[in-house]
Amino acid sequence: MFRRRWSGLPAEPKFAPNLKELGYFINEEDEVRYFHDPDFYFKYFSTKNMRYNDCQRFAFNQAVSQIIDSRLEAEGLKEVLLPLGVASKDERHVKIRLSEDLSSKSRVVIIFGQSCQDFGILAQRVASGPGGLNKGSMVNMVKALKQQKSSATDHAAPGIILANPGHLWWWPEGKKGLSESARHQIPGSSLVHLGWRDDPARNSIPENADPTEHIKYIFEKVVPQFVNDQAKIDVIALGDMSDEVEQYLDNDDVWAKIGHKLSALVVLGGFYDMREAGCQGFKKFMDQRGRAYIMNQDPLDTLIAGPDGGSRAVTGYVGYGCPTYSVGPDAFTMELVLVEAGSAVLKWLQEVALDKDYINERVHIFFPEEEEDDGGWRGWDKDDDESKGSKEIEQKDHEEAKRVQVRVQKDVQPSKMDDCEGIDEELAKEIAKRQKMANDNADSEEETEDRF
């Protein structure tokens, strides 16, 4: 009878979390490239064994995270371990970073990234691919915030708190927190072991076991400890953390403690339905000083819906209780949202910070009336090809006119298309030109019919 000993299982590959040892370098464009062929970025499929590839990816991501973390430290963000008072790094903890002089700041910006990302990372596909390390991480966001003013009377840069909802699974052997995806890639007993069992007593972090607890700890323990009572707080929440932040604030008791400190809230890619929110104070705040960004094909910062949403579902979910804007066509996945919309988000936050009486403009979105469908085939009422072409041109012009007629107005609905604000003049001229051509064709057809 044959038996296989544990020692006979294939050994797990070992990779050092160092770009140079892994065969990569950072070029002059701040992009990670493959040493043996600089035209390539990270190479995942080095073998046909997925576990082997995952082990290499884990080491690569750890190396990238270390570089990002060192750059954040160089920008003046110090390391703080949660829960506060943890004796050493050997104990279960989660790391966050905040400005060294945070207590002296009159304005503080708290950023909650996605819970599936490593600390400081916005998009791995950008940080380790086209775009570069700074663009795909919080580094560029921090650099931009350091160029802003705290208020109209305080020209000092705002303070920054980078939360860490992604590293809430404690890895005892590595003495660090990991994301849910990374924890399945840590070194195992052999190449064929399935993974690690989750043991809350061993792997959870006290008072920060999940994103919900982490948010509560940031607002109720970190903010009182490091932020002065007179400071105003701006909050940026991305992806699933948008819903978590809004759910936390949508509570009368929480709002009574936190609400007066908040100056602005930006949610990106969330789905929290403010129409069903129970805290009236929070609903009013979102209506006046909140802003939402959603994935949409319209250009960046295009207004999609007002606080009340829209009567038609042409833009998807829009019940955010605040003005809703597009993140642009390039943000085709959630991790790219803040990468693409970061400049627009920070621009708006600066506008709010410089105006203590800021209130969102009253906006309404109006859609053109839909024509009833008679069930007929448009453009087929005449048999000749010229008539068909004319009808098709008219139909295309009508559809284009309907598209540009969707306008943003501040108080009253426009009575006609000419009164619409912000209409594209070139597009309007093109529509008028096509309409004139269609009318001329129709007149020539009538003259021909009268002649015969």
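The structure under discussion appears in the preceding block.
Calculation rules
- Each chain carries its own residue numbering, running from 1 in the direction its sequence is written.
- Local features are withheld for residues below a pLDDT of 70 in this predicted model, meaning they are given only at 70 or higher, and side-chain atom pairs are given and counted only at 80 or more; totals for whole chains, interfaces and linings count all residues.
- Only heavy atoms go into the side-chain values, all of them from the structure, while hydrogens and water stay out.
- We call Phe, Tyr and Trp rings a pair once their centres come within 6.5 Å, taking the six-membered ring for Trp, and we label the pair stacked below 30 degrees between planes, edge-to-face above 60, and tilted otherwise.
- A simple rule labels every residue: compare its accessible area, found with a 1.4 Å probe on the protein chains alone, to the largest value its type can have, and call it buried under 20%, exposed over 50%, or partly exposed in between.
- By salt bridge we mean one thing: a side-chain nitrogen of Lys or Arg within 4 Å of a carboxyl oxygen of Asp or Glu.
- A run of H or I in DSSP becomes a helix once it reaches four residues, and a run of E becomes a strand once it reaches two; helices and strands are each numbered from the N terminus.
- Under the rule applied, a polar contact is a pair of N or O atoms within 3.5 Å (in protein, one hydrogen donor and one hydrogen acceptor; residues adjacent in sequence only if both atoms are side-chain atoms).
- In this analysis, two residues are considered to be in contact whenever any of their non-hydrogen atoms come within 4.5 Å of each other.
- The axes used here are C-alpha line fits, helices contributing only the stretch in contact, and every angle between their N-to-C directions lies in the interval 0 to 180 degrees.
- Should an angle fall under 35 degrees it is called roughly parallel, over 145 degrees roughly antiparallel, and 65 to 115 degrees roughly perpendicular, with every other angle called oblique.
- Crossings are sorted by hand: turned counterclockwise from the far helix by less than a right angle, the near helix makes the crossing left-handed, and turned clockwise it makes it right-handed.
- When residues are sorted by character, Ala, Val, Leu, Ile, Met, Phe, Trp, Tyr, Cys and Pro go into the nonpolar class, Asp, Glu, Lys and Arg into the charged class, and all the rest, Gly among them, into the polar class.

A.B. asks: So what's going on with the packing of aromatic side chains? Residues and values would help.
C.D. replies: Inspection of the entire model under this criterion finds 13 aromatic pairs. Judged by centre distance (4.8 Å) and plane angle (85°), the ring pair of Tyr44 and Phe45 falls under edge-to-face. Under the relative-accessibility criterion, Tyr44 is labelled buried at 19%. Residue Phe45 is classed as exposed on the basis of its relative accessible area of 58%. Ring pairs connect the aromatic residues Tyr24, Tyr34, Phe42 and Phe60, which therefore count as one cluster.

A.B. asks: Tell me what's going on with the pattern of salt bridges, and back it up with residues and numbers.
C.D. replies: In the structure shown here, the tally under the stated rule is 19 salt bridges. Residue Arg33 pairs with Glu31 through a salt bridge whose shortest N-O separation is 2.7 Å. Considered together, Arg33 and Glu31 belong to a single accessibility category, that of buried residues. A cluster of three or more residues bridged by salt bridges with shared partners is formed by Asp69, Glu79, Lys89, Lys95 and Arg97.

A.B. asks: With reference to specific residues and values, describe the side chain of Gln350.
C.D. replies: Topologically, Gln350 is positioned in helix 10 (residues 337-354). A distance of 2.8 Å separates the side chain of Gln350 from the backbone nitrogen of Lys149, its partner in a polar contact. Once you skip the residues sitting within four places of it in the chain, Gln350 turns out to touch Arg107, Gln148 and Lys149.

A.B. asks: Would you mind going over the environment of Pro10 in detail, with residue names and values included?
C.D. replies: With respect to the helices and strands, Pro10 occurs in the segment before helix 1 (19-22). Classification of Pro10 as partly exposed rests on a relative accessible area of 35%. Those residues within four positions of Pro10 in sequence are excluded, and the remaining contacts are Ser190, Leu191 and Val192.

A.B. asks: With reference to specific residues and values, describe the packing of helix 6 (residues 211-226) against helix 7 (residues 240-249).
C.D. replies: At a minimum axis distance of 10 Å, the contact between helix 6 and helix 7 shows a crossing angle of 55°. With respect to helix 7, the axis of helix 6 lies oblique. For helix 6 against helix 7, the interelement crossing comes out right-handed. Residues Pro211, Thr212, Ile215, Lys216, Phe219 and Glu220 of helix 6 pack against Met241, Glu244, Val245 and Tyr248 of helix 7. Residues of the contact of helix 6 with helix 7, tallied by class, amount to six nonpolar, one polar and three charged.

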